[in-house]
Amino acid sequence: MQHEALRLVRVFHDMNQTTLAERLQISKSYLSEIESGKKQVTLEVLEKYAAIFGMPLSSLLFFSEQVEGGGHEKVRRVVAGKVVKMLNWMAAKDTV
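Residues numbered from 1 in each chain as written. Predicted model: local features only at pLDDT ≥ 70, side-chain atom pairs only at ≥ 80, totals over all residues. Heavy atoms only, no water.

Some words on the overall build of the chain
Consideration 1: Within the chain one finds six helices and zero strands.
Consideration 2: In the chain, the succession of α and β elements from N to C terminus is α-α-α-α-α-α.
Consideration 3: Residue burial in the chain is summarised as follows: out of 96 residues, 33% are buried.
Consideration 4: By sequence separation, contacts in the chain at least 24 residues apart represent 51% of the contacts at least 6 residues apart.
Consideration 5: When the accessible surface of the chain is split by element, carbon and sulfur atoms take 56% of a total near 6100 Å². (Helix = DSSP H or I, 4+ residues; strand = E, 2+ residues; numbered from the N terminus. Buried < 20%, exposed > 50% of the residue type's maximum accessible area, 1.4 Å probe, protein only. Contact = heavy atoms within 4.5 Å. Areas by Shrake-Rupley, 256 points an atom, 1.4 Å probe, with all protein chains shown as cover.)

Things to note about the nonpolar core
Consideration 1: Leu6, Leu20, Leu24, Ile26, Tyr49 and Phe53 are the most contacted members of the largest nonpolar core, which has 17 residues in total.
Consideration 2: The set of elements that each furnish at least two residues to this core consists of helix 1 (2-12), helix 2 (17-24), helix 3 (28-36) and helix 4 (43-53).
Consideration 3: In terms of residues, this core owes the most to one element, helix 4, which gives six residues. (Core = buried A, V, L, I, M, F, W, Y, C linked by side-chain atoms within 4.5 Å.)

A word on the packing of helix 2 against helix 4
Consideration 1: Running from N to C, helix 2 and helix 4 cross one another at 115 degrees; their axes reach a closest spacing of 10 Å. One way to sum up the angle between helix 2 and helix 4 is to call them roughly perpendicular. As for the relative orientation of helix 2 and helix 4, their crossing is right-handed in sense. Residue-level contacts link Leu20, Arg23 and Leu24 of helix 2 to Val45, Lys48, Tyr49, Ile52 and Phe53 of helix 4.
Consideration 2: Here the contact of helix 2 with helix 4 is built from residues that sort into six nonpolar, no polar and two charged. (Axes fitted to C-alpha atoms, helices over the stretch in contact; angles between N-to-C directions. Parallel < 35°, antiparallel > 145°, perpendicular 65-115°, else oblique. Left-handed = near helix turned anticlockwise from the far one by under 90°. Nonpolar A, V, L, I, M, F, W, Y, C, P; charged D, E, K, R; others polar.)

Let's talk about the packing of helix 2 against helix 3
Consideration 1: Between helix 2 and helix 3, the least distance of the axes is 9 Å, while the angle of their chain directions is 105 degrees. By the criterion of interaxial angle, the relationship of helix 2 to helix 3 is roughly perpendicular. In contact with Gln17, Thr18, Leu20, Ala21 and Leu24 of helix 2, helix 3 contributes Lys28, Leu31, Ser32 and Glu35.
Consideration 2: Class assignment of the residues belonging to the contact of helix 2 with helix 3 gives a composition of four nonpolar, three polar and two charged.

Considering the pattern of salt bridges
Consideration 1: What the rule picks out here adds up to three salt bridges.
Consideration 2: The closest approach of N and O atoms between Lys48 and Glu44, which form a salt bridge, is 3.7 Å. Of this pair, Lys48 and Glu44 both sit in helix 4, four residues apart, which is roughly one turn of the helix. (Salt bridge = Lys/Arg side-chain N within 4 Å of Asp/Glu carboxyl O.)

Right, dumping it as structure tokens:
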């Protein structure tokens, strides 16, 4: 879910993968693998991502699959899923 949220934040800000990869100081192929869910994003990259887009790191960590807390995990996943759907809708609406 985090990979999709990262992709949607980039799309929402109308930035292509090449530009973002340069700003993150990573390769475009690594960014592509992060956004497709093939690779896990590091905390260092998430911190840079948050700085580039002017958002709190905690907002990006919200979508992390590995959160401890037992009973709240199901609620967090449902809410995160809804937020991703909303971001997806906003990104699609912006491109029309």
